[in-house]
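Spelled out, the chains give:
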Amino acid sequence: MEVKPKSDQLLALKVMRLTRPTLASPIVVTCDATDLPGNTLNNELKDNCTTIQGMETLAIGQFMVFPQSFGNIYLGEIFSCYLCVHNGSSQLVTNITVKADLQTSTQIIPLSNHKEEIKELPPNKTIDEVIHHEVKEIGTHILVCEVTYTPENAIGQSLSFRKFFKFQVVKPLDVKTKFFNAESDEIYLEAQIQNLTAGPICLEKVSLESSHLFTVSSQTTNEENESIFGKVNLLDSQSSRQYLYCLKPQPSLLKDPKMMHNATNIGKLDIVWRSNLGERGRLQTSQLSRMAPDYGDLRVTFKDIPNDNQLEDPINFKCHIVNTSERNMDLQINLQSNSSIAWCGISDKLIGPLKPGESTYIPLCLIPLNVGLINISGLQLVDTFLKRVYDYDDVAQIFVNQIPSNDEDDDNKNSLE
């Protein structure tokens, strides 16, 4: 952009945004030689000056196109521009100050590197500087440039002019998150990242900076801690990529159920990407928060359930009961068998008093009556003080194998012999 001096101005201001060029990509339209157009479309593509010989069907392009306008800039990128003040007159100009501010909807950011006055600027000479700034807001941005100077013949009388350059900052990525609260107190975060830019980008880094209450591990890496998307994580325009993270609470957090319930702040996603010509951008989300699960007055989970379970074999495990209410509770446990499981032990057993925030472990035993994936149900807790009944069905699932037949046992014996 160039602002020519008016009749009463001796200096001219030039502003140019510094950005990398883009590639002129051909429009790839081909067909089979046996189709009606024959080789017409293929020959047109080969004769296109923007295609690369031998790779006409790849929309890469071999020519660079320089930007024709100030254009838009994406959030998280570095805004760079070149400022030039030129003395096109035949007079000497003194006491020159160049001021550049970036005005957003919320603040004014000073950008100019010239903090002091420049004593003089002879005819046909220039003052220039390069400005860099990381854009951190979406919306309309206005670059305000102001030049103040004193002509040689006008001692003590200064002149000035101000110019405005408007550009838009748009969102490069769309980030959607989902939370899942597991019974084991682990929290799973699914993050979907969509490329909203006009061209492909390379996701250089996608990480979750968790709060001090959790430790995070990525579920999109293999055993060698390498990304499952490969070394070059290329994401086309309007395409999406999904990431999964597992957050485990700190041991101190598990000791206090109320504190665990109030731990809703998870952390921030930090995303670094590069454009097709290597321009770097960075985006950090705001603090991610989960909805705390509502356990009611009591929270019941099953611990130490074995993985290898046989039909009609006893299964021993523990029942963890936490008083999440604000009052004391005197509990009684009832066990009700059904067609899938048979409980072993004494039903209508008193557990005893449980204060708010306290927990207890109750050993339980059941016998599976069916094979396959079955639900553990039929557990009932009764608050003997208020006569409230809490039913817990489908709290957990177990997989039950078929009992090996005698023929299979004989085959195993023969194989060992």
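Before reading on, note that the structure itself is shown above.
Below: a short report on this structure.

Conventions and cut-offs
- Residues numbered from 1 in each chain as written.
- Predicted model: local features only at pLDDT ≥ 70, side-chain atom pairs only at ≥ 80, totals over all residues.
- Heavy atoms only, no water.
- Helix = DSSP H or I, 4+ residues; strand = E, 2+ residues; numbered from the N terminus.
- Buried < 20%, exposed > 50% of the residue type's maximum accessible area, 1.4 Å probe, protein only.
- Contact = heavy atoms within 4.5 Å.
- Core = buried A, V, L, I, M, F, W, Y, C linked by side-chain atoms within 4.5 Å.
- Pairing = 2+ DSSP bridges.
- Salt bridge = Lys/Arg side-chain N within 4 Å of Asp/Glu carboxyl O.
- Axes fitted to C-alpha atoms, helices over the stretch in contact; angles between N-to-C directions.
- Phe/Tyr/Trp six-rings, centres within 6.5 Å; stacked < 30°, edge-to-face > 60°.

Check the secondary structure of the protein chain and you find 4 helices and 32 strands. Relative to its full complement of 417 residues, the protein chain shows a buried share of 38%. Within the protein chain, contacts between residues at least 6 apart in sequence are counted, and of these 69% link residues at least 24 apart.

One finds L11, I96 and L143 to be the most contacted residues of the largest nonpolar core, which totals 52 residues. In terms of residue count, the dominant contributor to this core is strand β7 (residues 93-103) (5 residues). Membership of the second largest hydrophobic core comes to 27 residues, among which are F302, M329, Y392 and A396.

A word on the sheet that holds strand β23 (residues 309-310). With respect to topology, 3 strands assemble into an open sheet ordered β23-β32-β29, the strand pairing being mixed. The open sheet has two edge strands, β23 and β29 (372-376), and neither has a second partner.

What follows covers unusual backbone geometry. For residues besides glycine, phi is generally negative; the peptide bonds are generally trans as well. Positive phi, normally seen in glycine, also occurs at D304, with a value near 60 degrees. Its location among the elements puts D304 in the loop between β22 (298-303) and β23. You can call D304 exposed: its relative accessible area is 58%. Notably, D348 is not glycine yet its phi reads approximately 55 degrees, a positive angle. In this fold, D348 is placed in the loop between β26 (341-344) and β27 (349-354).

Attention now moves to the pattern of salt bridges. Taken as a whole and judged by the stated rule, the model has 10 salt bridges. We note a salt bridge from E146 to R162, for which the minimum N-O separation is 3.4 Å. Here E146, found in strand β11 (residues 139-151), pairs with R162, found in strand β12 (residues 159-170); they are 16 residues apart in sequence, far enough to count as distant. Given a relative accessible area of 45%, R162 falls into the partly exposed group. Each of D297, R327, D383 and R388 takes part in salt bridges that share partners, so that together they form one network.

Quick look at the sheet that holds strand β25 (residues 329-335) now. Taken in spatial order, the 4 strands line up as β27-β25-β30-β31 in an open sheet, and their pairing is antiparallel. Of all strands in the sheet, those with a lone pairing partner are β27 and β31 (388-392), marking the two edges. Adjacent strand axes in the sheet meet at a mean angle of 25 degrees, parallel and antiparallel pairs treated alike. Relative to β27, β25 runs antiparallel, the two sharing 5 bridges. Bridge pairing in β27 links I333 to K349.

Across all of its chains, the model carries 4 aromatic pairs by this definition. Centre to centre, the rings of F79 and F167 are 4.7 Å apart; their planes meet at 15 degrees, and the pair counts as stacked. Of this pair, F79 sits in strand β6 (residues 78-87) while F167 sits in strand β12; the two residues are 88 residues apart in sequence, bridging distant segments of the chain. Of the residues examined, F79 reaches a relative accessible area of 1% and is grouped as buried. For F167, a relative accessible area of 3% puts it in the buried group. Taken together, the aromatic side chains of F302, F317 and W343 make up a single cluster linked through ring pairs.

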